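Structural features, examined
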Amino acid sequence: MKIKPNIAVSDSGFVFNPDTGESFTVNPIGVEIINLLKENKETSEISNQVRVKYTVDQPTFEKDFDDFIGLMRNYSLIEND
Amino acid sequence: MEKLRYERPLIKRLESEMPNKFGMKAEHFPKSHIDGVAVKDLIEAHGSPLFVLSEKTIRNTYQRAKKAFSTRYPKVQFAWSYKTNYMDAVCNIYHQEGSWAEVVSGFEYDKAIKNGVPGKRIIFNGPDKTIADLTKAIQNESLIHIDHLDELYTIVELTETIKKRPRVAIRVNMDTGVYPMWDRFGFNYENGQAWDALNKIMASGKMDLIGLHTHIGTFMLSAKAYGVAARKLADLALGLKRKYNHEVKYIDLGGGFPSKNTLKGAYLPGNDTNPVFDDFAEEIASALLNAEFSPDALPLLILETGRALVDDAGFLLGTVISNKRSSKGKRSTIIDIGVNLLFTSFWYDHKITPAQDFTHFNEETTVFGPLCMNIDVIRESAVLPLLNKGDHFVIHTVGAYNMTQWMQFITLRPRIVLIGLDEKVHIIREAETMDSFNKFENMPDYLKKFEL
Ligand SMILES: Cc1ncc(COP(=O)(O)O)c(C=O)c1O
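Residues numbered from 1 in each chain as written. Chains lettered and ligands numbered in written order. Predicted model: local features only at pLDDT ≥ 70, side-chain atom pairs only at ≥ 80, totals over all residues. Heavy atoms only, no water.

1. A short note on the overall build of chain B
When helices and strands are counted, chain B shows 13 helices and 21 strands. The C-alpha extent of chain B, read off along each of the three principal axes, is 85 × 65 × 45 Å. Buried residues in chain B amount to 54% of all 452 residues. Put simply, 70% of the contacts in chain B that link residues at least 6 apart link residues at least 24 apart. Carbon and sulfur atoms make up 54% of the accessible area of chain B, which amounts to about 21,100 Å² in all. (Helix = DSSP H or I, 4+ residues; strand = E, 2+ residues; numbered from the N terminus. Buried < 20%, exposed > 50% of the residue type's maximum accessible area, 1.4 Å probe, protein only. Contact = heavy atoms within 4.5 Å. Areas by Shrake-Rupley, 256 points an atom, 1.4 Å probe, with all protein chains shown as cover.)

2. Comments concerning the overall build of chain A
Within chain A one finds 3 helices and 5 strands. Listed by position from the N terminus, the elements making up chain A come as β-β-β-β-α-α-α-β. Relative to a compact globule of 81 residues, whose C-alpha radius of gyration would be 12 Å, chain A shows 12 Å and is just as compact. In terms of overall dimensions, chain A has a C-alpha envelope of 35 × 30 × 20 Å along the principal axes. In chain A, buried positions account for 42% of the 81 residues. Look at the contacts in chain A between residues 6 or more apart in sequence, and 44% of them connect residues 24 or more apart. (Rg over C-alpha atoms; globule rule 2.2 N^0.38 Å.)

3. Focus on a nonpolar patch on the surface
There is a patch of nonpolar side chains on the surface, built from Phe346, Trp347, Met373, Ile375, Met407, Phe409 and Ile410 of chain B and spanning about 630 Å² of accessible area. With respect to the helices, strands and loops of the structure, Ile410 of chain B is situated in the loop between α12 (402–405) and β20 (416–419). (Patch = residues over 30% accessible without salt bridge, like charges linked within 9 Å, V, L, I, M, F, W, Y side chains within 5 Å. Salt bridge = Lys/Arg side-chain N within 4 Å of Asp/Glu carboxyl O.)

4. Section: the pairing of strand β14 (residues 314–325) of chain B
Residues and elements named next belong to chain B. Of all 12 residues that make up β14, 9 are buried, and the element is covered over most of its length. Across 4 bridges, the pairing between strand β4 (residues 50–54) and β14 is antiparallel. Across the sheet, residue Phe51 finds its bridge partner in β14, namely Leu316. Across 4 bridges, β14 lies against strand β19 (residues 392–395) in antiparallel orientation. Bridging across to β19, Leu317 finds its partner in Val394. For β14 and strand β15 (residues 331–335), the ladder comprises 5 bridges, and the chain directions are antiparallel. Residue pairing in the sheet places Arg325 in a bridge with Arg331 of β15. (Pairing = 2+ DSSP bridges.)

5. Details of the interface of chain B and chain A
Across the contact, 19 residues belong to chain B and 28 residues belong to chain A. Buried surface at the junction of chain B and chain A, summed over both partners, amounts to about 2,200 Å²; 59% is from carbon and sulfur atoms. Counting every contact that joins chain B to chain A gives 14 residue pairs in polar contact (both at pLDDT 80 or more). Elements that contribute at least two residues to the side of chain B that touches chain A include exactly β1 (11–13) and β14 of chain B. Its residues assigned to classes, the side of chain B that touches chain A comprises 8 nonpolar, 2 polar and 9 charged. Two strands pair when backbone bridges link them, and strand β4 (residues 22–26) of chain A and β1 of chain B are joined in this way by 3 bridges, in the antiparallel orientation. By the bridge assignment for β1 of chain B, Phe24 of chain A is matched with Arg13 of chain B. (Buried area = accessible area lost by both parts, 1.4 Å probe. Polar contact = N/O pair within 3.5 Å; in protein donor to acceptor, adjacent residues only side chain to side chain. Nonpolar A, V, L, I, M, F, W, Y, C, P; charged D, E, K, R; others polar.)

6. Concerning the environment of Leu10 of chain B
All names here are of chain B. By the element assignment, Leu10 lies in the segment before β1. Since its relative accessible area comes to 2%, Leu10 is described here as buried. Counting along the chain gives 414 residues from Leu10 to Lys424, while the straight-line C-alpha distance between them is 40 Å.

7. A short note on the site of the ligand
Residues and elements named next belong to chain B. The full set close to the ligand counts 16 residues, and Thr218, Gly256, Glu304, Gly306 and Tyr401 are the nearest of them. Here Thr218 contributes a side-chain N or O atom positioned 2.5 Å from an oxygen atom of the ligand. Here the shell around the ligand is built from residues that sort into 1 nonpolar, 10 polar and 5 charged. (Near = heavy atom within 4 Å.)

8. Things to note about the domain arrangement of chain B
All names here are of chain B. Segmentation of chain B into domains returns domain 1 (33–52 + 312–432) and domain 2 (125–305). In this structure, domain 1 and domain 2 have C-alpha centres spaced 36 Å apart. In this complex, domain 1 contributes 10 residues to the contact, which on the side of domain 2 involves 8 residues. A buried area of about 790 Å², summed over both sides, lies between domain 1 and domain 2, and 40% of it is on carbon and sulfur atoms. (Domains from an automatic or database assignment.)

Below you can see the structure in the form of structure tokens.
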């Protein structure tokens, strides 16, 4: 899964999609995930990193992660495989 | 290194369209404590869900209401509406504050007697008073508010065997300009039924007609309607004075003032828009003072206020079971509180506040209860901070009608605790158990065995 390369993310959680002109707000953990996606990290690596830093178990995070990716896909921020 | 509190990742499109009616601002602060007691500790000690009542809020609200009326009118008496919340501990707080009891069934009547309310201080309303109820009420000199002619004639009959004069009032229904008009209880004012019933009582010579009563509706958003009601009852009282030189002792305007809840479909939170005690007191006091009563014969004003007195003092604590997304992409949150415990979620958009810290990120979500039923929706749409599975939250303004109209359905009913003025937690009703539930069941012998 790959995030579209031209998507801009600011540290404060502002996301802009130049293709559609739409903008989004993302919470800090969302920003971290988007940055990890930009570094082409695998899902398992992202999950590990998040779980080291935050109090969350693997099934809960993976469910939330899938949901988050689903929304990003829905907003056309992720490239179709 | 200590781990940080987890918040699920969230992405939201920035929309430039008008905010919708659900776009009410989310909470800014967690509700972590109630009267100094931590929500977390309450749930740990007493389980989730848990009803919590604040004695401080009950007494403060009562005193505010009392003051609003007694500063405007010289003779005011509240009578606690048992059906609104008849936990004995709650009733007794009101009785300690000086409230009489207002009951609508033999069960509630007996509860008031058991709580120690003198018979003379019990108002007996409602269409279903049995012969046994009426006999008891006459003997105890309670205030019987007659609902229909059949009841009137039953009381006349009872006076043949009971050697006491029943103390009665009639319930009057009327048009006060609000919709819907409650006309199923009592005798109608406009078509003359009420005047007719009063004449029948006077003609019987068997009872003491001491009051006039109305209850024009509930969650009334118009203070003016109470002015109309007070004028119409005053008109009946003055008619009795003219025709029989008879003075009624009291005018009882029932209940019906709104609490701070937000009615479903309202655009603004009830807290900001609903009229308050002073608004109602102003209308009622003016109507009675401006009527033609002679100054030394002003009737006592009785109020049977229920929800406006107790709603704010009740909280329902619960726990998040799961977050999901519907097939259409809408966020939903499942909590351990269903409509069986929160009957008033059919009328109100109850305010829900997380009990722990949260960020300013929020999401519009449907809040579902845990019952396996489609109707089990606590909020169709609420803007909530991001709650995790296992997080606690507080549902506000649930003190009225929930602890009496709740249902044992699918799950057992939880504990109710009262936080006293000393910030000590008192259990005022135990959680139901399988044993307590099974006490009511009986298994016929031939059904005891089966093989599968
Ligand atoms: C006769 C009577 N009095 C008082 C009340 C209390 O009403 P509320 O809770 O709206 O103040 C009711 C409730 O329906 C009622 O029927």
